[in-house]
Amino acid sequence: MSKLPLARALALLVPVALLGGAYASQYVGGLHPCEMCWWQRYPHMAAIALALVAFAAKGNPRTSALFTTLAAVAIGISGGIGLFHAGVEYGWWEGLTACSTSPTGGSAADILNQIMATPITRCDVAPWSLLGISLAGYNGLLSVGGALAILVLLGRKGWRA
């Protein structure tokens, strides 16, 4: 039995769920992302696009498997950034030293007002944790685990139709 459909589904569901959780924590939970939080989101966005291409190429198992693999790599990259970010939050190593306030444009007064109204979010402080694990830590664990699961499903000729 082919494992490609399951791998393809995971390649789409994992980043959609994790990116959805990130946006929910931001817009519903009020947790403003720091610079490294944003870095974790970009590979998930890429993984979603790659997984959608994999679904579009269902008729060609090799192409579909290639794009599923690329999505898994993107998910793994987000996980690696998440684990690095969690290490910064736990004080295991140093991260960024700059704030992450970025104005969107307008007049000088508009930009100043945007800067003053935007909360400064530090990358070395976890704004939320559960069981001692921050959001960055959860992203790291779930992304790396998801990427490995996808790659295992694709391994050993699991992509063949």
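Each remark here, short or long, concerns the structure printed above.
So, here is what we can say about the structure in this document.

Rules of the game
Residues numbered from 1 in each chain as written. Predicted model: local features only at pLDDT ≥ 70, side-chain atom pairs only at ≥ 80, totals over all residues. Heavy atoms only, no water. Axes fitted to C-alpha atoms, helices over the stretch in contact; angles between N-to-C directions. Helix = DSSP H or I, 4+ residues; strand = E, 2+ residues; numbered from the N terminus. Parallel < 35°, antiparallel > 145°, perpendicular 65-115°, else oblique. Contact = heavy atoms within 4.5 Å. Nonpolar A, V, L, I, M, F, W, Y, C, P; charged D, E, K, R; others polar. Patch = residues over 30% accessible without salt bridge, like charges linked within 9 Å, V, L, I, M, F, W, Y side chains within 5 Å. Areas by Shrake-Rupley, 256 points an atom, 1.4 Å probe, with all protein chains shown as cover. Salt bridge = Lys/Arg side-chain N within 4 Å of Asp/Glu carboxyl O. Buried < 20%, exposed > 50% of the residue type's maximum accessible area, 1.4 Å probe, protein only. Phe/Tyr/Trp six-rings, centres within 6.5 Å; stacked < 30°, edge-to-face > 60°. Lys NZ or Arg CZ within 6 Å of the ring centre and 35° of its normal. Disulfide = S-S within 2.5 Å. Expected span 1.5 Å × (residues − 1). Arc of directions from axis to C-beta. Core = buried A, V, L, I, M, F, W, Y, C linked by side-chain atoms within 4.5 Å.

## Topic: the packing of helix α1 (residues 4–27) against helix α5 (residues 135–154)
At a minimum axis distance of 8 Å, the contact between α1 and α5 shows a crossing angle of 170°. One way to sum up the angle between α1 and α5 is to call them roughly antiparallel. The segment α1 lies against α5, with Leu4, Leu6, Ala7, Leu10, Ala11, Val14, Leu18 and Ser25 engaging Leu135, Asn139, Leu142, Ser143, Gly146, Ala149, Ile150, Leu153 and Leu154. Its residues placed into classes, the contact of α1 with α5 shows 13 nonpolar, four polar and no charged.

## A few points about a nonpolar patch on the surface
Where nonpolar side chains cluster on the molecular surface, the patch consists of Phe84, Tyr90, Trp92 and Trp93 and spans about 450 Å² of accessible area. Along the chain, Trp93 falls in the loop between α3 (61–89) and α4 (108–117). For Trp93, a relative accessible area of 40% translates into the label partly exposed.

## Looking at the packing of aromatic side chains
For the structure on display, the rule yields three aromatic pairs. When the ring of Tyr23 is compared with that of Tyr27, the centres are 6.1 Å apart and the planes differ by 10°; the resulting orientation is stacked. Taken together, the residues Tyr23 and Tyr27, both in helix α1 and four residues apart, mark about one turn of the helix. The class of Tyr23 is partly exposed, set by a relative accessible area of 26%. Plain terms: the ring middles of Tyr23 and Trp38 are 6.4 Å apart, the flat faces sit at 70° to each other, and that makes the pair edge-to-face. Of the two residues, Tyr23 is situated in helix α1 and Trp38 in helix α2 (residues 35–56); the sequence distance between them amounts to 15 residues. Across from the ring centre of Phe55, 5.4 Å away, lies the NZ or CZ of Arg8, which sits over that ring. The ring of Trp38 is capped by Arg41, whose NZ or CZ atom sits 4.5 Å from the centre of that ring.

## Let's talk about the state of the cysteines
Under the counting rule described, the total for this entry stands at zero disulfides. Considering cysteine sulfurs only, Cys34 is the nearest to Cys37, which forms no disulfide, with 3.5 Å between them.

## Topic: α2
With 22 residues, α2 extends 33 Å from end C-alpha to end C-alpha; this agrees with the ideal 32 Å at 1.5 Å per step. Turning to α2, its buried residues number three or more, namely Met36, Gln40, Arg41, Pro43, His44, Ala47, Ile48, Ala51 and Ala54. Each buried residue of α2 lies within a common arc of 165° when the element is viewed along its axis, so the set occupies one face. Those residues of α2 that are buried lie in contact with α1, α3 and α5.

## Section: the nonpolar core
Membership of the largest hydrophobic core comes to 19 residues, with the highest contact counts inside it found for Ile75, Ile150 and Leu154. Sorting the residues of this core by element identifies α1, α2, α3 and α5 as the ones contributing at least two each. With seven residues, α1 is the largest single contributor of residues to this core. Residue contacts for Ile150: discarding those within four places in its chain leaves Ala7, Leu10, Ala11, Thr68, Ala72 and Ile75.

Purely spatial values, then, with no claim about function.
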